[in-house]
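Survey of secondary and tertiary structure
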Amino acid sequence: MRVAVLGAGVSGLTVARRLFDAGVDVTVYEADAKAGGLAKSRVTDGYIYDPHGGHIFNSKNQNVVDWVFSVLPKEHWQFNVRNAKIFYKGGYISYPFELSLCELPVDDAVDCAYDFISAQRGDEPDNFADWLVWNFGKSIAEAYMLPYNRKIWAYPLEEMGTAWMRGKMPLPEKKDILRSLALKDPTERKMPHSTFYYPLEGGIQTMIDAVARPLTLRLSEPVEAVESRGNRWLVNGEAYDAVVSTIPLKALPAVMRLPERVSGAIDGLRYNSLTTFLTDCPPTDISWLYIPGTRWRAHRMGYQSALTPKAAPDGGGSGAFEIIGAEVKASDSLIKQALPDELRAGRIIDTQFSEYAYVIHDKAHAKNVSVTRSYFNGDSGFYSIGRWGAWNYNNMDLCMAEAFDTAARILSGAYGGDYADKNI
Ligand SMILES: Cc1cc2nc3c(=O)[nH]c(=O)nc-3n(C[C@H](O)[C@H](O)[C@H](O)COP(=O)(O)OP(=O)(O)OC[C@H]3O[C@@H](n4cnc5c(N)ncnc54)[C@H](O)[C@@H]3O)c2cc1C
């Protein structure tokens, strides 16, 4: 069996490696000169930089955890307990904000706690903006949730749905908040991503390279044409029994013929873009810092040097700040516009623009995705998976889990059959 995998990010490499390990002849097509997709790293002036955002690994899926540590054994990883903070009124509040009210000025803490206890009355709103107020109360929403989310999405929160965030955002109960206040203890309780791993050396690229090691990668070879021919698929003119695409759905109409309803659904999918900037700064044990304040352009500073001690030369500190929207060019004044002075960021060492950063779960998302999913992932032998192939806010572990399932389907022959009704 010959399988073509389109894209050498986490999803493409995982599905390719699972198939390769089962004896399948797999070819991976990648437009970029380097594998990894969003999960890349490079070294600039001795600093390790994940240019599309710092990538930590954790998962609730034990199969994924076991597989990752079988590919890159545990001794190559640094285990970290998350120490995330929020920059609030010139100081640092522990994350998540709502469990850290004991660290706020007393009047703010009382307002936030009072509003939260009175919240969640009446019908649950179906738009994200109203839901934040409904769920957390007005004070927490206005102090942190609304300004932060407006920055990171750069999309009207009123037009976003709410189903996507379960499992992504901590959603503590009222009793948890009262307990944290009574105990004066902002400790997180079983929140998503409260512990994680990061490669000791080489950034997240070390995991990518370990997954890719035995694979045939066609780097700098973008997919330009995909066609069905008889019961096979042609990719750039070469024949395969099945194709797993992990490239953005928005790239597909340019390379393959699609029915109008499918290209229409793809057209309706929303996303945002991101520029990151690597800077030097004093060493810190903060994993990352959320910056909700509208005075600053960055919404987050990820401290690469807190993920592994080897991220910055000579025991120094480093962090990458992120700005959503069209590409931002580095300039002398940018650090002042982007970050609070208190962070003492030094010079910009490196920068990277990512066209595809976050999937936006607008209200039409579920409908559009159900059209694309049912079209591609049937029995035609063409699968579209991954963050941009499925168009879901999936982290690496969920991309891996989806890749496992897809490889298993291909291996079980579920892709086969008569292609006459493929409707392509
Ligand atoms: C700022 C940020 C921070 C993140 N942090 C984390 C984190 O800490 N932990 C975590 O688990 N997840 C994190 N994620 C999510 C993580 O990046 C994704 O889940 C994962 O990398 C998606 O992998 P993918 O293979 O599906 O997509 P991609 O990584 O986007 O891979 C798609 C690949 O397709 C290639 N391609 C595109 N067009 C073509 C073409 N025409 N021909 C051939 N190839 C093509 C691209 O070059 C790319 O290599 C983060 C994401 C962002 C944006």
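Residues numbered from 1 in each chain as written. Predicted model: local features only at pLDDT ≥ 70, side-chain atom pairs only at ≥ 80, totals over all residues.

**So, the sheet that holds strand β11 (residues 232-235)**
The antiparallel open sheet is built from 3 strands, whose spatial order is β10-β11-β12. Of all the strands in the sheet, just β10 (226-229) and β12 (238-240) have a single pairing partner and so form its edges. For this sheet, the mean inter-axis angle between neighbouring strands, taken without regard to orientation, is 30°. Where β10 meets β11, 4 bridges bridge the pair, whose relative direction is antiparallel. Looking at the pairing, Ser228 lines up with Trp233 of β11. (Pairing = 2+ DSSP bridges. Helix = DSSP H or I, 4+ residues; strand = E, 2+ residues; numbered from the N terminus. Axes fitted to C-alpha atoms, helices over the stretch in contact; angles between N-to-C directions.)

**Some thoughts on the site of the ligand**
Residues in close proximity to the ligand total 37 residues, the closest being Gly7, Gly9, Gly37, Gly53 and Gly386. At the level of secondary structure, the elements contributing two or more residues to the shell around the ligand comprise α1 (10-21), β18 (348-360), α12 (387-391) and α13 (396-411). Taken together, domain 1 (1-31 + 221-265 + 365-424) and domain 2 (40-82 + 193-203 + 269-363) each give at least three residues to the shell around the ligand, which thus spans both. (Near = placed C-beta within 6 Å. Domains from an automatic or database assignment.)

**Some remarks on the environment of Asp397**
With respect to the secondary-structure elements, Asp397 resides in helix α13. Judged by local crowding, Asp397 falls into the partly exposed class, with 19 C-beta atoms found within 10 Å. The spatial distance from the C-alpha of Asp397 to the C-alpha of Val65 is 8.2 Å, given a sequence separation of 332 residues. (Buried ≥ 20, exposed ≤ 12 C-beta atoms within 10 Å, placed from the backbone.)

**Side note on the domain arrangement of the chain**
Domain boundaries assigned for the chain yield domain 1 (1-31 + 221-265 + 365-424), domain 2 (40-82 + 193-203 + 269-363) and domain 3 (98-182). For domain 1 and domain 3, the distance between their C-alpha centroids amounts to 38 Å.

**Re α1**
Its 12 residues place the ends of α1 16 Å apart at the C-alpha level, agreeing with the 16 Å of an ideal helix rising 1.5 Å per residue. With 10 of 12 residues buried, α1 is to be regarded as a mostly interior element. Of the residues making up α1, those classed as buried are Val10, Ser11, Gly12, Leu13, Thr14, Val15, Ala16, Arg17, Arg18 and Leu19. The inward-facing, buried residues of α1 contact β1 (2-6), β2 (25-29), α7 (205-212), β13 (242-245), α12 and α13. Just downstream of α1, Gly23 is the residue with a positive phi angle, here 95°. (Expected span 1.5 Å × (residues − 1). Contact = placed C-beta atoms within 7 Å.)

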